[in-house]
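# Reading the structure
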Amino acid sequence: MIERHVIIDNVDPIAFYGVNNINISLIRNLFPKLRMAARGSVITVIGDEQETALFEQKIHALAAYCAERNTLPEDVILDIVKGAPPKQLRMDDVIIYGVNGKPIQGRTPNQQLLVKTFSQNDLTFALGPAGTGKTYLAVALAVRALKNREVRKIILSRPAVEAGEKLGFLPGDMKDKIDPYLQPLYDALEDMIPVAKLKEYMENDTIQIAPLAFMRGRTLNDAIIVLDEAQNTTVHQIKMFLTRLGMGSKMVVTGDITQIDLPRSTASGLIHALRVLKGVKGIGRVEFEKKDIVRHQLVQRIVEAYEQFEARHPDGQPQADDAKR
C-alpha cells in the first residue's frame, strides 16, 4: 500500500468537486479499492501502486477538462475514468469556456475577425458602437492567453471620465470612487473565471484592473493589456498608454468614437492615434457595425434612432416638430 498526493491547483475546486462534493463521491465509487480524501487542491489516495497510478492519471485528465471548460459533468467523469474519450462538444471559433461551461466565441464575422487580427498583431484597435462585444471579446482573448500560459498577467484599464456624473461626488475613498468606472471589466471577468480563482488572481496581481492614470511610468512585459473606452483618452494619455507595451505583450484598444465624453475643447486621443498610426506594421484594426450588436435587439434600434436624429440635427437640438412625434 502506498500513499499519493495528487495536486489539481489549476482548476476551481468548486467546479471540480461539484456541488456538495457530488463529483468526488462519483470518483470514489469508480475506484472502490482506494481510500481517498480531498482537501482544497490536494487529493490524497491510498492503495496499491498500480491502482493509485491509474487514479492519478485519470484525475489529471479530469482536471485538464475542468480547467478548459470550467465544468465537470457526470458523463465526462464516467467517460474519462472508463477510458472513453469525452464527447467532443467543441464548437468552431470558441475562444474559451466561461463559468459553468458557457462557450465564449466570435458570434459575428467582425467578432471572428477581431480574434484573427489579435493573433496576427501586437496592437489591435477594436472600434464600434455599444453592444458589439468589443470589450467582452478582448477580455476573453486575454483570459485565454493567461490560461494557456502565453502571458503571466492581464492588465485592464479605462479612463475615469464622467458621462454626466461627477467623480468627486461619489462616496468612499479613491478606490470606491474609481471602481464604478471599471465595473464592466469586472463583469466580463466574472463571466469567464470562477469566483475563487478570480479572487486569487486579483490578490496576487496576475489580473490587474486600474484606471489609465495608474499606467504612467510602467513597462508591461509578458501581458495582455486592454484599454477600454479609449475614445475618452486625451492625445497625451493614449500616447503614454501605447508606449507602455513591453516584451512578450499584446494590446487591445477598444472604443466608440460616437460616444466621446471629453469636454468639447479636448481632442479624443483615440481619433488622433488612429490617424497617426495608420499603416504602421504590427497594428491591426477591426471596425464593428450595428449588425454586430449582440445585446438586446432593442439596442440596435436605439443606436439607429440616434444616428438618424444626429443626421437630421447636427447641433444636437431637437426641433419642435420632432418633440411632438
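Structural notes, computed from the coordinates.

Right, let's get into helix α3 (residues 49–69). An α-helix turns once every 3.6 residues. As a result, residues three or four positions apart point the same way. Compared with the 30 Å implied by 1.5 Å per residue over 21 residues, the 30 Å span of α3 between its first and last C-alpha is a close match. Those residues of α3 that sit buried are Glu51, Thr52, Phe55, Lys58, Ile59, Leu62, Ala63, Tyr65, Cys66, Ala67 and Arg69. One side-chain oxygen at the N-terminal end of α3 lies 3.2 Å from the backbone nitrogen of Gln50; it belongs to Asp48. At the exit of α3 stands Asn70, carrying a positive phi of roughly 60 degrees.

Two aromatic rings are characterised by how far apart their centres lie and by the angle between their planes. According to the stated counting rule, one finds two aromatic pairs in the structure shown. Aromatic pair Phe16 and Tyr17: ring centres 5.6 Å apart, planes at 80 degrees, arrangement edge-to-face. What makes Phe16 buried here is its relative accessible area of 0%. For Tyr17, a relative accessible area of 8% gives the class buried. The ring of Tyr97 has Arg69 sitting right over it, with the charged end atom 4.3 Å from the ring centre. One cation-aromatic arrangement involves Lys250 over Phe118; the distance from NZ or CZ to the ring centre is 4.8 Å.

Turning to its location among the elements, Ala188 is positioned in helix α7 (residues 174–192). Taking the C-alpha atoms as reference, Ala188 lies 8.0 Å from Ala140; in sequence the two are 48 residues apart.

Look at helix α2 (residues 22–30) against helix α4 (residues 74–81): their axes get within 11 Å of each other, and the N-to-C directions meet at 30 degrees. The pairing of α2 with α4 is recorded here as roughly parallel in orientation. Our pair here, α2 against α4, has a crossing hand that is right-handed. Here α2 contributes Asn23, Leu26, Ile27 and Leu30 to the contact with α4, which in turn contributes Glu74, Ile77, Leu78 and Val81. Residue composition of the contact of α2 with α4, grouped by class: six nonpolar, one polar and one charged.

This paragraph deals with the sheet that holds strand β10 (residues 250–255). If you trace the six strands from one edge of the open sheet to the other, you get β8-β7-β9-β10-β6-β11, paired in parallel fashion. Bordering the open sheet on either side are β8 (207–211) and β11 (283–287), each of which pairs with just one other strand. The mean inter-strand angle of the sheet, taken between neighbouring strand axes irrespective of direction, is 15 degrees. Note that strand β7 (residues 153–158) and strand β9 (residues 223–227) share five bridges and pair parallel. Among the inter-strand pairings, Leu156 is bridged to a residue of β9, identified as Val226.

Considered as a void within the structure, the second largest pocket measures approximately 690 Å³ in volume. Pro129, Asp256, Ile257, Thr258 and Gln259 are the residues nearest the centre of the second largest pocket, which is lined by 25 residues in total. If you list the elements that add at least two residues to the lining of the second largest pocket, you get α10 (269–276), β11 and α11 (297–312). Sort the elements by how many residues they give to the lining of the second largest pocket and α11 lands first, with six residues. When the residues that make up the lining of the second largest pocket are grouped by side-chain class, the tally is 12 nonpolar, four polar and nine charged.

Of the two faces of β11, the one lined by Gly284 and Val286 is fully buried and the one lined by Ile283, Arg285 and Glu287 carries no buried residue. Relative to β11, strand β6 (residues 123–127) runs parallel, the two being bridged by five bridges. In the strand pairing of β11, Leu127 is matched with Glu287.

The rules behind each value
- Residues numbered from 1 in each chain as written.
- Predicted model: local features only at pLDDT ≥ 70, side-chain atom pairs only at ≥ 80, totals over all residues.
- Heavy atoms only, no water.
- Helix = DSSP H or I, 4+ residues; strand = E, 2+ residues; numbered from the N terminus.
- Expected span 1.5 Å × (residues − 1).
- Buried < 20%, exposed > 50% of the residue type's maximum accessible area, 1.4 Å probe, protein only.
- Polar contact = N/O pair within 3.5 Å; in protein donor to acceptor, adjacent residues only side chain to side chain.
- Phe/Tyr/Trp six-rings, centres within 6.5 Å; stacked < 30°, edge-to-face > 60°.
- Lys NZ or Arg CZ within 6 Å of the ring centre and 35° of its normal.
- Axes fitted to C-alpha atoms, helices over the stretch in contact; angles between N-to-C directions.
- Parallel < 35°, antiparallel > 145°, perpendicular 65-115°, else oblique.
- Left-handed = near helix turned anticlockwise from the far one by under 90°.
- Contact = heavy atoms within 4.5 Å.
- Nonpolar A, V, L, I, M, F, W, Y, C, P; charged D, E, K, R; others polar.
- Pairing = 2+ DSSP bridges.
- 1 Å grid on protein atoms, 1.4 Å probe; cavity = no way out; pocket = protein on both sides within 12 Å on 5 of 7 lines; lining within 4 Å.
- Points joined across faces, edges and corners; volume = space filled by probe spheres on them.

Bear in mind that shape data such as this cannot, by itself, settle questions of function.
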